[in-house]
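Chain by chain, the residues run as shown.
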Amino acid sequence: MTWIKICGFQCEEELHAIQDLDLNAVGFVLVPGRRRTVSKANLRNMIHLVPSHLFTVGVMMDPTLQEIEDWLTEFPLRAIQLHGVESPSFCAEVKKRFSIQLIKTFHVDHQGTSTSPSSYLPWIDLALLDSVVKGKRGGTGTSFQWKQVIPPFQKECIQANLPLWIAGGLQESNIIDLLQMYTPDGVDLSSSVEIHGKKDLYLMSSFIERVRKHGSTNSQNNGSNQ
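Residues numbered from 1 in each chain as written. Predicted model: local features only at pLDDT ≥ 70, side-chain atom pairs only at ≥ 80, totals over all residues. Heavy atoms only, no water.

1. Notes on the side chain of T105
Here is step 1: As for its placement among the helices and strands, T105 is situated in strand β5 (residues 101–108).
Here is step 2: Residue class for T105 comes out buried when judged on its relative accessible area of 1%.
Here is step 3: A distance of 2.8 Å separates polar atoms of two side chains, one belonging to T105 and the other to H83.
Here is step 4: If we ignore the near neighbours within four places in the chain, the residues touching T105 are Q81, L82, H83, G84, L128 and D130. (Helix = DSSP H or I, 4+ residues; strand = E, 2+ residues; numbered from the N terminus. Buried < 20%, exposed > 50% of the residue type's maximum accessible area, 1.4 Å probe, protein only. Polar contact = N/O pair within 3.5 Å; in protein donor to acceptor, adjacent residues only side chain to side chain. Contact = heavy atoms within 4.5 Å.)

Written as structure tokens, this is what we have:
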């Protein structure tokens, strides 16, 4: 099954809307100064509304170890997503100190290149490919050059038994192409399921339904071919 993570929840109303959705993970942006950033005060009011079966992810960008500790001491996050230019040695320190699931984002620049995941092994639990547009990392609503980037990156992940998620401009109109061509372990989205900057139940439901129908069709086809 393809994991689905929706990132950038900002208020209690948005979390009320996802109670019956077939999601796997939700993300909270803990990066200061971003449009979807949540404060500790806001997160205190929101975290208890997340259904218990969902994976809660705190998204941070080039944090200090103390900043990570401050968040984890107060909030029961299941994973930390490092969304900056954190080094392999920093990831090693995070993993050793906190023993938490660690997602590392690898950004694809305008030339279609990304850092290799190999130097981050064995410290990360999951790799995420995302776009960087004019220096902005994540939340751009812009896809990268799948054909150029995903195959070699995915090959390294498979060899390392490292799950790979894809982000960057994913929406209902292109998600099936991504799933059919590359079958990533998971997908991560935010802006494409928003209207006027807020998560929209219909858009979230439609995207999730499209992914799940594709998975169901594939399972039926594989069964009929056995």
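2. Here we look at the side chain of E86
Here is step 1: Inspection of the secondary structure assignment puts E86 in the loop between β4 (79–82) and α4 (88–98).
Here is step 2: What makes E86 buried here is its relative accessible area of 3%.
Here is step 3: Here D62 takes part through its backbone nitrogen, which lies 2.6 Å from a polar atom of the side chain of E86.
Here is step 4: Leave out the neighbours within four places in its chain, and E86 touches M60, M61, D62, P63, K104 and Y120.

Read these as spatial facts, not as claims about activity.
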